[in-house]
Each structure stands twice: as structure tokens, then as C-alpha cells.
Amino acid sequence: MSLPTRVHLTEVGPRDGLQNEAQPVPAATKIELCRRLLDAGVRALEVTSFVSPKWVPQMADAAEVLAGIPRPAGVTLSALAPNMKGFEGALAAGVDEVVIFGAASEAFSQKNINCSIAESIERFRVVAEAAKANGLRLRAAVSTALGCPYQGEVPIASVVDVVQRLGDLGCDEIGVADTIGVGTAGRVKAVFEAVGAVYPLARISGHFHDTYGQAIANILACLEIGVARFDSSIAGLGGCPYAKGATGNVATEDVVYLLHGMGIETGLDLDRLVDTGQWISQAIGRVNSSRAGKALAAKRAVAVAG
Ligand code: HMG
Ligand code: MG
């Protein structure tokens, strides 16, 4: 077993973390969150989505948020774009990367993006061509790779099939997502090993929601088979409007605590992440879902009091 020495993390808090908030989060708060994440060393930041504001009202301010974010050298700012309308918005807003997002289950594809898997690939094909023509990085996400809220079990063959079709579109990276956080380590290894047979494992990332508390274990399982790219969300914020009951993504602070504890580099400043997690949780009136974030903040408070 040889673990990676460095892991690439994409921070998805501003997008996946906030898309499901019932109360509108002001654009200024989102911009401040992005600024703080960049200050903490984040170099891949999924900022927002160019999707229908009727479907996901919280992301309606996508262009405004992108316009307000500083752009230090070496930062990749990304946005979700399910179709050409979304792509055009993302391009105009100056993103570095667009994210097309499909599913391994038909039921989730219909609920989330209102079309079949086959139709989604055709919509993505034009987005992929446009991304390449404009020199943008292209990432894809595959939802429900470990289970579907509507269909239940999802065959590994379905995940492999979608990954292969997205790979054929020329994606630079493909994220394999446990949308509802049901996966356990053995199944996760089996799914990632299977997709690694049709697409380079070095360009596959793991996206784990933490509903059943398995996300950190699933990340370790991935590390053991050579996956070195993950998405995470500050303070464990998040959820998908079309996956009711699913909690947030694995918390960035928890992933960084794990990785740094194992001597694996991330380029991120854990102390600043802890501050940022505390700050955004307070700003939107949420309990911080990061175990490491809360523990480190509490330890500091004791040190200050003592
Ligand atoms: P549709 O209704 O089938 O689209 O929605 P349409 O092309 O028929 O257009 C209908 C209306 O939407 C039109 O407006 C379009 O202009 C507008 P109207 O004429 O009615 O006023 N429209 C758009 N507006 C803004 N931006 C766009 C856009 N496209 C059409 N890009 C669509 C199809 C995909 C747009 C819709 O289903 C949608 O927006 N879905 C939202 C999906 C979403 O954001 N889900 C959450 C993110 S995915 C996720 O969280 C999973 C992930 O984290 C991985 C994991 O955990 O699994 C990535
Ligand atoms: Mg997600």
C-alpha cells in the first residue's frame, strides 16, 4: 500500500455547501467566504452554479459572486454548468473550470436535471466542446455512484458506463459522488477500482456526503487504492435539493486533519480553515458540522481562558 504524498482538495462549500440553504445567503457573505477560503490556501474553489434560479434559487447570484472574488495566481475557480445556457453564464463570469454533472441512476438524473442519462450526455457534449474551444478546464460529477435516493442500489456497471461516456467527452477530471452518503469502504473501493479501469485513477476525485458518518473512512479507502483528489466542504456544509435527508459534504477541516496527521500535504492552513468554518456557521446560523473544526476551536478557547 503506497499512499499519496500530496492530495488535491477542491473546496465545494460555497456551491454544494450553500445551494440547499433555505434562507437566502447574501452574495456579500458568499464572497467573504470565498475570500477566507482562498486566504486559507484553497487553490481549487467551486464557487457557484449556473443553473435555473427556479430550480435552485440560492445560486441565482452566481455572476455577482464570481465578480466579487479575488483571484490570486494559481487559483482555479469553477462553477456548475448543466447546459449551454449555464456554460455561457460561467464563461462570461470568467470561471477557469466548468463542471458538468450527471448521474449513475436514471431516477436521479430526471429529478436533478430533468432529463435521462443519455440526454444529459448529449447536452454535456456541446458544453464540453465549448469548454475546450475556450480553453477552460472541464470537470464532471457523477451523482448517486454509491446509491440513489429514489432507485436504491446502483450497479457498479452503471457508474462505469457513465464515467466512460464522460471520459469520452474529454473531461480533465471526473468526480465520483456519494450523493446521499450511504457508501461504505468496501463498496467504495470496488466502485473506484472499477472506474479506474476505464478512466485514469489519477484524474478521478471522490465526493463524499457524510450522512452516515462514513466519509472519512471512505476517503481513507480511496487513498489506499491511489485516489488523491477529493471534494470537501468547509464546516461540512451542504446537501442537494434533490436528495432529501442527505447531509453535507465531508468537512474540509476533518479531511485536512486526517491528511496532515498522516503526513500527506494539502497546501491548506488548518487553523485558518477552522476559523472560516466557525465564521460561516455563525454567519448562516448553523451548527458547525466539522468534528475536527469544533474540537480545535474548543481547544483554543480553553487555552485562551486558561
Ligand atoms: P429544464 O426546465 O429542463 O430546462 O431544466 P429548460 O432548458 O427546459 O429551460 C427551462 C427554463 O430554465 C427556461 O426559463 C430556461 O431559460 C431556464 P424560462 O423560459 O422558463 O424562464 N434555464 C436556465 N436558467 C439559468 N441557467 C441555466 C438554465 N438552463 C435553463 N443553466 C436544468 C434543466 C438543468 C436547467 C434544471 O433542471 C436545473 O437547473 N437543475 C438544477 C440542478 C442542480 O443545480 N442541482 C444541484 C447541483 S448537483 C449536486 O448537488 C450533486 C453534486 O454535488 C454531486 C453529488 O453530491 O452527487 C454535484
Ligand atoms: Mg454533492
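Look above for the structure.
Presented here is a report on the structure given in the accompanying data block. Since the model is a prediction, treat every value here as computed from it, not as a measurement.

## So, the overall build of the protein chain
Piece 1. What the protein chain contains, in helices and strands, is 12 helices and 8 strands.
Piece 2. In summary, the protein chain has a C-alpha radius of gyration of 18 Å against a globular reference of 19 Å for 306 residues, a match within 12%.
Piece 3. C-alpha extents for the protein chain along the principal axes are approximately 60 × 45 × 35 Å.
Piece 4. Expressed as a percentage of the 306 residues in the protein chain, the buried residues total 54%.
Piece 5. Here the protein chain displays about 12,200 Å² of accessible surface, and carbon together with sulfur accounts for 53% of that area.

## Looking at the packing of aromatic side chains
Piece 1. Tallying each qualifying case throughout the model produces 3 aromatic pairs.
Piece 2. With centroids separated by 5.6 Å and ring planes inclined at 55 degrees, the aromatic side chains of W55 and Y242 adopt a geometry described as tilted. Of the two residues, W55 is situated in the loop between β2 (44–49) and α3 (62–68) and Y242 in the loop between β8 (229–232) and α10 (252–261); the sequence distance between them amounts to 187 residues.
Piece 3. The exposure class assigned to W55 is partly exposed, which follows from its relative accessible area of 35%.
Piece 4. The residue whose ring lies beneath K111 is Y150, and the NZ or CZ to ring-centre distance is 5.1 Å.

## Observations concerning helix α7 (residues 156–168)
Piece 1. For α7, built from 13 residues, the straight-helix expectation of 18 Å at 1.5 Å per residue is met to within 8% by its first-to-last C-alpha distance of 18 Å.
Piece 2. If you check which residues of α7 are buried, you get V159, V160, V162, V163 and L166. Along the axis of α7, the buried positions cluster into a sector of 165 degrees, meaning they face one direction only. The outward face of α7, more than 90 degrees from its buried face, is lined by the exposed residues A157 and D168.
Piece 3. Contact partners of the buried residues in α7: β4 (97–103), α6 (117–133), β5 (137–143), β6 (173–178) and α8 (185–195).
Piece 4. Where α7 terminates, the next one or two residues include G170, which has phi positive at roughly 95 degrees.

## Thoughts on the coordination of the magnesium ion (ligand 2)
Piece 1. Coordination of the magnesium ion (ligand 2) by the protein involves D16 (OD), H207 (NE2) and H209 (NE2), with metal-donor separations of 2.1 to 2.2 Å.
Piece 2. In the primary structure, the donors to the magnesium ion (ligand 2) are separated according to the pattern D-x190-H-x1-H. Taken as a pair, H207 and H209 share a single burial class, namely buried.

## Some remarks on the packing of helix α9 (residues 215–224) against α10
Piece 1. At a minimum axis distance of 11 Å, the contact between α9 and α10 shows a crossing angle of 45 degrees. Relative to α10, α9 is oriented oblique. The chirality of how α9 crosses α10 is right-handed. When α9 is examined against α10, the residues I216, I219 and L223 are found in contact with a partner set consisting of D254, V255, L258 and L259.
Piece 2. Residue classes in the contact of α9 with α10 are distributed as 6 nonpolar, no polar and 1 charged.

Rules behind the numbers
Residues numbered from 1 in each chain as written. Chains lettered and ligands numbered in written order. Predicted model: local features only at pLDDT ≥ 70, side-chain atom pairs only at ≥ 80, totals over all residues. Heavy atoms only, no water. Helix = DSSP H or I, 4+ residues; strand = E, 2+ residues; numbered from the N terminus. Rg over C-alpha atoms; globule rule 2.2 N^0.38 Å. Buried < 20%, exposed > 50% of the residue type's maximum accessible area, 1.4 Å probe, protein only. Areas by Shrake-Rupley, 256 points an atom, 1.4 Å probe, with all protein chains shown as cover. Phe/Tyr/Trp six-rings, centres within 6.5 Å; stacked < 30°, edge-to-face > 60°. Lys NZ or Arg CZ within 6 Å of the ring centre and 35° of its normal. Expected span 1.5 Å × (residues − 1). Arc of directions from axis to C-beta. Contact = heavy atoms within 4.5 Å. Donors = N, O, S within 2.8 Å, 3.2 Å for Na, K, Ca; no water. Axes fitted to C-alpha atoms, helices over the stretch in contact; angles between N-to-C directions. Parallel < 35°, antiparallel > 145°, perpendicular 65-115°, else oblique. Left-handed = near helix turned anticlockwise from the far one by under 90°. Nonpolar A, V, L, I, M, F, W, Y, C, P; charged D, E, K, R; others polar.

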